[in-house]
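# Structural characterization, general
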Protein chains: 2
Amino acid sequence: MPKSPANTARSKRAGSQLTPDAIIDASLRIAARGSEDAFTVRRLGEELGADPTAIYRHFRDKDELLLSVADRTLGEVLDSIPEGLDWKGRIRALADGSLAVALKYPVVGSAMASRTTRRPNEFRVVELILGAVMEAGLEGAEAALHYRMVADSLLAYVGQQAAYFLFDAEVRAADESAWTREYRLVDPQALPNITRLSAELAEVTDEQIFEATVGALISAIEKRAETLRGA
Amino acid sequence: MPKSPANTARSKRAGSQLTPDAIIDASLRIAARGSEDAFTVRRLGEELGADPTAIYRHFRDKDELLLSVADRTLGEVLDSIPEGLDWKGRIRALADGSLAVALKYPVVGSAMASRTTRRPNEFRVVELILGAVMEAGLEGAEAALHYRMVADSLLAYVGQQAAYFLFDAEVRAADESAWTREYRLVDPQALPNITRLSAELAEVTDEQIFEATVGALISAIEKRAETLRGA
DNA sequence: ACGCTGTTGTCAACGGTATTGCGCTGATCG
DNA sequence: CGATCAGCGCAATACCGTTGACAACAGCGT
């Protein structure tokens, strides 16, 4: 029993050892390891070299920690957007940055896809998108609606991609081989379109899909602005 | 081991038998109760009047059960789509039906948003969307790409909505009041667009957003088909 | 320099989750 | 009629997030 509790733990006790920022940093290190290392409270304690439950001195629960981590990553995305872009460029930059950071920290991206952090950087994102749709020519309720369309669609798509990356490689491989194997072996009578396009279906890349999706959102804003301007 | 007679289909077990279908039914009953009743193995056993672990005699694990449940609900959506609709109508019907069923069984909708079931009804959905985009005028790789755009975007959006419905009412109320309260109290200097549109932001409805999103996807297909036809 | 007080880390424990191994039972079949 | 064996219950396992009691320290007023 190495239990002399009085003097063992005194080695490191210089002020506040564990700060919220240090905990967020450690969380991001674990999150960056993706599916190879589960993001658990116990694992986080290990990463910090501290007792797992120590984090509860700085965050009410794991959810609040996750919201803070998400806000940090959102800030990274926002800071990576260059100045001087037009509205389409800003939306594209936000989309690309969000996807990149969600794939870098999949557990964060997937957990936050249906949440509202109500933290500073989230407001900056709202402001950015609203500014873009207004620059495109929308106002009032139309601007609000199209902001929500962009924000919700983007968040959902990016979160889904992150969740997919969170599966271990084994499961992902099974999913992807489905396109190249099972879709070729389908009943040609009942499913003629799949049969005809099985080769093309296997060759579509995630980048193409994302580009098409973002493009669809931008076109919708543009088209709506034109319609309103004409009327 | 030799699974001998195929003909004795009727006489499996007479008494309180647990069949895969009965388990799926019970799962849907629990899932329909949304956030008021967690979808756990123990709760499922209770619903079935059986030991919780009995489920593992019919499904390898909870994930496989969930995939089967999801396929069942997908079938319901597909069967609800009327015949004789044009391609836009079919996509809209699929979108509306998917959202409805995902909100009816939120735990299923949210868990399956980033999965591929590779079960019969999923193939039917693929066939349906592919048929729609081809009727719109797309072919080959373009049809495949736009199928993926519609499928992925729809699945992600619907899954996100389902996950949001899965929070208990308390958390949801806090999220919604953020739009009407916190967004009004924001710094007008740093966030002028939010300040100006806070009232309109609070009034956007989920139905409007979904309609706008689906409309954007349909327009993108239409526009692409026009461009290719012109060229 | 003292003791009080509040903060922060440690430890053990609790209730929750999915899942597995073992043993019984009873319907079915040779 | 007796043997077989799938289906089910039970107990146990390995995690998970979280809490409460306690110990050690920092900073404070006196």
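Worth saying up front: this structure is predicted, and the values here are computed from it rather than measured.

Our focus in this paragraph is the domain arrangement of chain A. All names here are of chain A. Here chain A is partitioned into domain 1 (17-59) and domain 2 (70-230). Residue-level contacts link nine residues of domain 1 with 12 residues of domain 2. Taking both sides of the interface into account, the surface hidden between domain 1 and domain 2 amounts to around 720 Å²; carbon and sulfur atoms contribute 67%. For the domain 1 face of the interface with domain 2, the top three residues by lost area are Leu-28, Ala-31 and Ser-35, together amounting to 58%. Residue Asp-25 pairs with Arg-72 through a salt bridge whose shortest N-O separation is 2.9 Å. Inspection of the region where domain 1 meets domain 2 yields two residue pairs in polar contact (both at pLDDT 80 or more). In the side of domain 1 that touches domain 2, the residues fall into five nonpolar, two polar and two charged.

Moving on, we come to the protein's contact with DNA strand C. Near DNA strand C you find 20 residues, and of these Asp51(A), Arg57(A), Arg42(B), Tyr56(B) and Lys62(B) are the closest. Counted by atom, the contact set of DNA strand C within 4 Å of the protein is 51% sugar and phosphate. Note that a phosphate oxygen of DNA strand C is positioned 2.4 Å from one of the backbone N or O atoms of Asp51(A). Here a base nitrogen of DNA strand C sits 3.1 Å away from a polar atom, N or O, in the side chain of Arg57(B).

What follows concerns the relation of the copies chain A and chain B. For the pair chain A and chain B, the relating rotation is 180°, the translation along its axis is 0.0 Å, and the fit reaches an RMSD of 0.1 Å. Both chain copies can therefore be described as sitting about a two-fold axis. For chain A, the minimum C-alpha distance to the rotation axis belongs to Ala156(A) and amounts to 2.6 Å. By residue overlap, the copies meet face to face through one surface: 100% of the interface positions of chain A are interface positions in chain B.

Another point: the interface of chain A and chain B. Listed per partner, the contact involves 56 residues of chain A and 56 residues of chain B. Summing both partners gives a buried area of about 5000 Å² for chain A against chain B, and 66% of it is carried by carbon and sulfur. The interface formed by chain A and chain B includes four salt bridges. Between Asp206(A) and Arg148(B) there is a salt bridge, and its shortest N-O distance comes to 3.9 Å. At the junction of chain A and chain B, the tally comes to eight residue pairs in polar contact (both at pLDDT 80 or more). Mapped onto the side of chain A that touches chain B, the elements with two or more residues apiece are α6 (120-135), α7 (140-166), α8 (169-180), α9 (192-203) and α10 (206-230) of chain A.

Thresholds applied
Residues numbered from 1 in each chain as written. Chains lettered and ligands numbered in written order. Predicted model: local features only at pLDDT ≥ 70, side-chain atom pairs only at ≥ 80, totals over all residues. Heavy atoms only, no water. Domains from an automatic or database assignment. Contact = heavy atoms within 4.5 Å. Buried area = accessible area lost by both parts, 1.4 Å probe. Salt bridge = Lys/Arg side-chain N within 4 Å of Asp/Glu carboxyl O. Polar contact = N/O pair within 3.5 Å; in protein donor to acceptor, adjacent residues only side chain to side chain. Nonpolar A, V, L, I, M, F, W, Y, C, P; charged D, E, K, R; others polar. Near = heavy atom within 4 Å. Least-squares fit on C-alpha atoms with pLDDT ≥ 70 in both. Helix = DSSP H or I, 4+ residues; strand = E, 2+ residues; numbered from the N terminus.

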